[in-house]
Amino acid sequence: MLLPVLKRLGDMVVAMFGISVLVFLIFFAIPGAEPASRIAGRNASPETVAAVRLSFGLDQPLPVQYLIMMKKLFITQDLTSFVNRGYKVIPAVMNAAPITLSLVAGAALIWIVFGLLIGVLAAAFKNTWIDRLLMVMSLIGISMPAFWLGAVINLFTQSRWHDYWLFSWVPPLGYKPFVESPKLWALTLVLPCFSLAVGYIGIYGRVLRANIVEAMQEDYIRTARAKGVSESRILIRHALRTSLISVVTLFGLDFGQLVGGVAVLTEIVFALQGVGKITFDGLLNLDLPVIMAAVLYSALFVVICNALVDMLYILIDPRERTDG
Amino acid sequence: MAETVMTGEMQEGGGVKPRASGAQGPWALAFRKLTADRAAMVALAALILIALICIAAPLYASWSHTDPFRSNLDGQVMVDGKLVAALEQSTEGLGLGYTPVGPTWQLGNYFLGADNQGRDVFARLLYAGRNSLLIASGATLFTLIMATIVGASAGFFGGITDAVISRVLDILWAFPIYLLAICLSVVLINQSMKIGPITIDSGSLLLPIFIIGIVYVPYVARPIRGQVLSLRRSEFVLAAIGLGVPSSRILFRDILPNVLPTLIVFIPIMMAIDMLVEAALSFLSIGVQQPDASWGTIIQDGVGLLYTRPWVALSGGIAIALTVLALNVFGDGVRDALDPKAKLRIGAK
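All values reported here derive from a predicted model rather than from experimental measurement.

**Thoughts on the overall build of chain A**
A tally of helices and strands in chain A yields 13 helices and zero strands. Order of helices (α) and strands (β) in chain A, N terminus to C terminus: α-α-α-α-α-α-α-α-α-α-α-α-α. Dimensions of chain A, computed from the C-alpha atoms along their principal axes, are close to 85 × 60 × 35 Å. Per-residue burial over chain A gives 49% buried out of 324 residues. Within chain A, residue pairs in contact and separated by at least 24 positions form 69% of the contacts whose partners lie at least 6 positions apart. In chain A, the 25 positive side-chain charges and the 20 negative ones have mean positions that sit 5 Å from each other.

So this is what it looks like as structure tokens:
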């Protein structure tokens, strides 16, 4: 029992190490990204560039620079940005993390509930107008760019019809921490979460419907019917349960990636300073310390979520419960 | 007519013996199934219509005498018999900034209004569609070719080749695709890319095609690898190996033709995904570069004018949503016709 967990931890460390080295090397391989001349400014004299290089430790060999950066990131935890020396990277990511986490967790809640509902309903009413309507709606949801949907929501709720009773509850764009005002925190997040969730509702609803329809043709369902189990119980207890396995895999992947910063477009549209926004800003400035911290944070989440999915498998699928 | 064409293709690719007339090959069956699917046919018609309208963009531009790529800051528009500046001085607050003219709803005369450069949004929308469709098609082609090469060699040669390729694909797949695409774009848009003697300018459409194409290679390569792997162990391939047929012939005559349906199923799905990624990158201004346009850049222009001239952002998004919807519906039809059991995830984000 302990060995697989240790092996998984080992895999995680190796993956993180690989990603950090990769980011580091790519960064130094980009011709325009040479940090010293960027820090020194556009028309800096060679002396200034040399001084900057010395002061930031950029004169050291690359492996040493890499080790220093990792030491500053993980041990002393005082890594600062290349572009703005007062900008401490770890607090920046830590401040952004709860914003992204709230956004993604809220969206996940919405898409799981509605995805399940749509998938089960469509499968239960297979080939009727209910099924067709739900599937068309799902496809429309999948086909809209989530950030554009966010912009359209803003158009309706922030200016034109804001004073209309339907939208008068919508607070201005931005984020309110939960500790300051739980109510405002929830209200500011409702619409961003919804706009992020719409596409995923469609995806999960369709996947679930297809899986349930497939499962309903299995032999064990026929056996259950022969035993006189009611249709609704067959659907929920037998077909839905097997169908959930692939949904759990999807969910682990999607959740990890979104928390890791894939929600950047929704964050920008709704003016949320989340992890995605920070990563994007770091990339635009070619600011290696910020990029490194954000990418490692993102990778950590993806890896953790994958590990959690494997463990959830064991809970859902008895076949996975084998020794060894 | 169509049936004979499809059967002919099968002979070329699969080395299947000519059939007695009246019998139907798998391709002809699939084709009949697809044409009988009303939703898929409507979607296909919509796609062709959208593509034709976008291809005709230069005709529209010359007919309405607009240059959608040149700033037109002091241009004038005829609205209700009166000449109005394309960019009106703002009258609110300090009077700073300009508000472009709104939709006139007259074809050929700033149908959807102007953007913040005074350019005709509708003309730009048509040109943008050409770029969006071109990038989606190009990236899909690139992904499918790369994925077939990578996936087929991993599945066919096995051993160390397979171990290395699978490992790399797994790592790439674990990395968030959008972030990967954003990273590559920021890096490559900053300076032109050089591959050997070829230099790709940072404004070139080849950059987004290459970037979007490459990040989705694992998505297609992994199923292809699995399929090739199981075909490699199937009896007819083992028999061919036993007969001493050279591996290149086995690969091209026995294995690849059997992978073809999967690849075809991927085409509309990948195009739909690629359109959304392209829109996202262009929205972040790291995709198609101004003054060139794509539906993503139209949304980007429009978000700046969201509360004053909402139709700019709305039109770009509606164009994307309609096209992607048509691609997804058509993709469903193609999948049902060719490979109903394919476990493909439409709209991977």
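**A closer look at the overall build of chain B**
Each helix and strand counted, chain B has 13 helices and six strands in total. Buried residues in chain B amount to 52% of all 349 residues. Pairs at least 24 residues apart make up 66% of the contacts formed inside chain B by residues separated by at least 6 positions. Total accessible area on chain B stands at roughly 16200 Å², and carbon and sulfur atoms take up 64% of it.

**Concerning helix α9 (residues 217-232) of chain B**
With 16 residues, α9 of chain B ought to run about 22 Å at 1.5 Å a step, and its terminal C-alpha atoms sit 21 Å apart, in line with that. Residues of α9 of chain B that are buried: Val 217, Pro 218, Tyr 219, Val 220, Ala 221, Ile 224, Val 228, Leu 229 and Leu 231 of chain B.

**Re the interface of chain A and chain B**
Residue-level contacts link 43 residues of chain A with 42 residues of chain B. When the two sides are added together, the surface that chain A and chain B hide from each other amounts to roughly 3700 Å², 74% of it contributed by carbon and sulfur. Ranking the residues of chain A by area buried against chain B places Ser 143, Phe 147 and Trp 148 of chain A at the top, with a combined share of 15%. At the junction of chain A and chain B, the tally comes to one salt bridge. Ionic pairing is found between Arg 206 of chain A and Asp 332 of chain B, a salt bridge with its closest N-O pair at 2.9 Å. Inspection of the region where chain A meets chain B yields four residue pairs in polar contact (both at pLDDT 80 or more). Among the elements that line the side of chain A that touches chain B, the one with the most residues is helix α7 (residues 146-160) of chain A, at nine residues. Grouping the constituent residues of the side of chain A that touches chain B by class yields 28 nonpolar, 11 polar and four charged.

**Some words on the domain arrangement of chain A**
Residues and elements named next belong to chain A. For chain A, the domain assignment lists domain 1 (2-89) and domain 2 (95-321). Computed over C-alpha atoms only, the centres of domain 1 and domain 2 are separated by 34 Å. With 24 residues of domain 1 at the interface, the matching set in domain 2 holds 19 residues. Of the roughly 1900 Å² buried between domain 1 and domain 2, counting both surfaces, carbon and sulfur atoms make up 84%. At the surface where domain 1 touches domain 2, the tally comes to two residue pairs in polar contact (both at pLDDT 80 or more). Contributing elements (two or more residues each) for the side of domain 1 that touches domain 2: α1 (2-29) and α4 (62-75). The element that contributes the greatest number of residues to the side of domain 1 that touches domain 2 is α1, accounting for nine residues. In terms of residue class, the side of domain 1 that touches domain 2 is made up of 18 nonpolar, four polar and two charged.

**Digging into the pattern of salt bridges**
Residues and elements named next belong to chain B. Enumeration according to the criterion identifies nine salt bridges over all chains in this entry. With a shortest N-O distance of 2.6 Å, Asp 162 and Arg 225 are connected by a salt bridge. Residue Asp 162 is found in helix α6 (residues 159-174), and its partner Arg 225 is found in helix α9; the two are separated by 63 residues along the sequence. Note on Arg 225: relative accessible area 22%, which makes it partly exposed.

**Details of the packing of helix α3 (residues 38-55) of chain B against helix α5 (residues 121-157) of chain B**
Residues and elements named next belong to chain B. Two elements in contact, α3 and α5, have axes separated by 7 Å at closest approach and are oriented at 120°. As far as their axial angle goes, α5 and α3 are oblique. Here the hand of the crossing between α3 and α5 comes out left-handed. Counting all contacts with α3, which are made through Ala 51, Ile 53, Cys 54 and Ile 55, the residues of α5 involved are Leu 126, Gly 129, Arg 130 and Leu 133. Taken together, the residues that form the contact of α3 with α5 break down as six nonpolar, one polar and one charged.

**Topic: the packing of helix α11 (residues 247-283) of chain B against helix α12 (residues 295-304) of chain B**
Helix-helix packing is described using two parameters, namely the angle between the two axes and the distance between the axes. Residues and elements named next belong to chain B. Between α11 and α12, whose axes approach to 7 Å, the crossing angle comes to 40°. In terms of orientation, α11 lies oblique with respect to α12. Remark: the crossing between α11 and α12 carries right-handed chirality. Taking contact as the criterion, the partners of Met 275, Glu 278, Ala 279, Ser 282 and Phe 283 in α11 are, on α12, Trp 295, Gly 296, Thr 297, Ile 299, Gln 300 and Val 303.

**A short note on helix α8 (residues 206-215) of chain B**
Within α8 of chain B, seven of the 10 residues are buried, which leaves the element mostly enclosed by the surrounding structure. What α8 of chain B keeps buried is the set Leu 207, Pro 208, Ile 209, Ile 211, Ile 212, Gly 213 and Val 215 of chain B.

**A few points about the environment of Pro 218 of chain B**
All names here are of chain B. Mapped onto the secondary structure, Pro 218 falls in helix α9. The class of Pro 218 is buried, set by a relative accessible area of 2%. Separated by 169 residues in the primary sequence, Pro 218 and Leu 49 place their C-alpha atoms 32 Å from one another.

**Focus: empty space enclosed by the protein**
Where empty space is left in the structure can be found by rolling a water-sized probe over the atoms. Residues and elements named next belong to chain A. For the structure on display, the rule yields four cavities of 30 Å³ or more. Lining the second largest cavity are Asn 154, Gln 158, Val 170, Pro 171, Pro 172, Leu 173, Gly 174, Leu 187, Thr 188, Leu 191, Pro 192 and Phe 270. Secondary-structure elements contributing two or more residues to the lining of the second largest cavity are α7 and α8 (182-215). Broken down by element, the lining of the second largest cavity gets its largest block of residues, four residues, from α8.

**Side note on the side chain of Gln 65 of chain A**
Residue and element names in this part refer to chain A. Mapping Gln 65 onto the fold places it in helix α4. Under the relative-accessibility criterion, Gln 65 is labelled buried at 8%. If near-sequence neighbours (up to four positions away) are discounted, Gln 65 is found in contact with Phe 24, Phe 28, Gly 57, Leu 58, Asp 59 and Gln 60.

**Examining unusual backbone geometry**
Backbone torsion omega between Gln 290 of chain B and Pro 291 of chain B reads 5°, so that peptide bond is classified as cis. Relative to the elements of secondary structure, Pro 291 of chain B occurs in the loop between α11 and α12. Even without being a glycine, Ala 271 of chain A presents a positive backbone phi close to 55°. Secondary-structure assignment places Ala 271 of chain A in the loop between α11 (264-269) and α12 (275-284). What makes Ala 271 of chain A partly exposed here is its relative accessible area of 45%. Despite not being glycine, Leu 286 of chain A shows a phi value in the positive range, around 50°.

**Notes on the packing of aromatic side chains**
The description of two aromatic rings rests on the distance between their centres and on the angle between their planes. On inspection of all chains with the given rule, the structure shows 15 aromatic pairs over all chains. Ring geometry for Phe 156 of chain B versus Phe 157 of chain B: centroids 5.3 Å apart, planes at 85°, classification edge-to-face. Members of the aromatic cluster, joined through ring pairs, are Trp 111, Tyr 200, Tyr 204, Phe 251 and Phe 255 of chain A. Across from the ring centre of Phe 156 of chain B, 5.0 Å away, lies the NZ or CZ of Arg 232 of chain B, which sits over that ring.

Thresholds, definitions, all that
- Each chain carries its own residue numbering, running from 1 in the written order of its sequence.
- Ligands are numbered from 1 and chains lettered from A, in the order in which they are written.
- Local features in this predicted model are restricted to residues of pLDDT 70 or higher, and side-chain atom pairs are both shown and tallied only at a pLDDT of 80 or more, whereas totals for entire chains, interfaces and linings draw on every residue.
- Each side-chain value is derived from all of the structure's non-hydrogen atoms; neither hydrogens nor water enter the calculation.
- Note on conventions: DSSP H or I runs of at least 4 residues are helices, E runs of at least 2 residues are strands, and numbering of each starts at the N terminus.
- Burial classes: relative accessible area under 20% of the type maximum marks a residue as buried, over 50% as exposed, and values in between as partly exposed (1.4 Å probe, protein chains only).
- Contacts are assigned to residue pairs that have any heavy atoms within 4.5 Å of one another.
- This count recognises Lys and Arg as positive and Asp and Glu as negative, with His and chain-terminal groups excluded.
- Lys charges are placed at NZ, Arg charges at CZ, Asp charges at CG and Glu charges at CD.
- Under the convention used here, a 1.4 Å probe and the Shrake-Rupley method define accessible areas, while residue burial counts only the protein chains that appear.
- By definition here, a helix of n residues has an expected span of 1.5 Å times n minus one.
- Buried area is understood as the total, over both parts, of accessible area removed when two parts are fitted together, assessed with a 1.4 Å probe.
- A carboxyl oxygen of Asp or Glu within 4 Å of a side-chain nitrogen of Lys or Arg is what we treat as a salt bridge.
- Contacts described as polar in this section are N or O atom pairs within 3.5 Å, which, within protein, must combine one atom able to donate a hydrogen with one able to accept it, while residues neighboring in sequence count only if both atoms come from side chains.
- Under this grouping Gly is polar, as are all residues other than the nonpolar Ala, Val, Leu, Ile, Met, Phe, Trp, Tyr, Cys and Pro and the charged Asp, Glu, Lys and Arg.
- Domain start and stop positions are those given by an automatic or database domain assignment.
- Fitted lines through C-alpha atoms give the axes, limited to the stretch in contact for helices. The angle between two N-to-C directions lies from 0 to 180 degrees.
- Each angle receives one of four descriptions, namely roughly parallel if under 35 degrees, roughly antiparallel if over 145, roughly perpendicular if within 65 to 115, and oblique otherwise.
- Two helices crossing with the near one rotated counterclockwise from the far one by less than a right angle form a left-handed crossing, whereas a clockwise rotation gives a right-handed crossing.
- A cavity here means a set of points on a 1 Å grid, drawn over the protein atoms and nothing else, where a 1.4 Å probe fits but cannot get out; a pocket is an open set with protein on both sides within 12 Å along at least five of seven lines, and a residue lines either one if it has an atom within 4 Å of a point.
- Grid points are joined across faces, edges and corners, and a volume is the space filled by probe spheres set on the points.
- Pairing of aromatic rings covers Phe, Tyr and Trp, the last counted by its six-membered ring, and requires centre-to-centre distances within 6.5 Å; plane angles under 30 degrees mean stacked, over 60 mean edge-to-face, and any other angle means tilted.
- Placement of a charge over a ring requires the Lys NZ or Arg CZ to be within 6 Å of the ring centre, with the centre-to-atom vector within 35 degrees of the ring normal.

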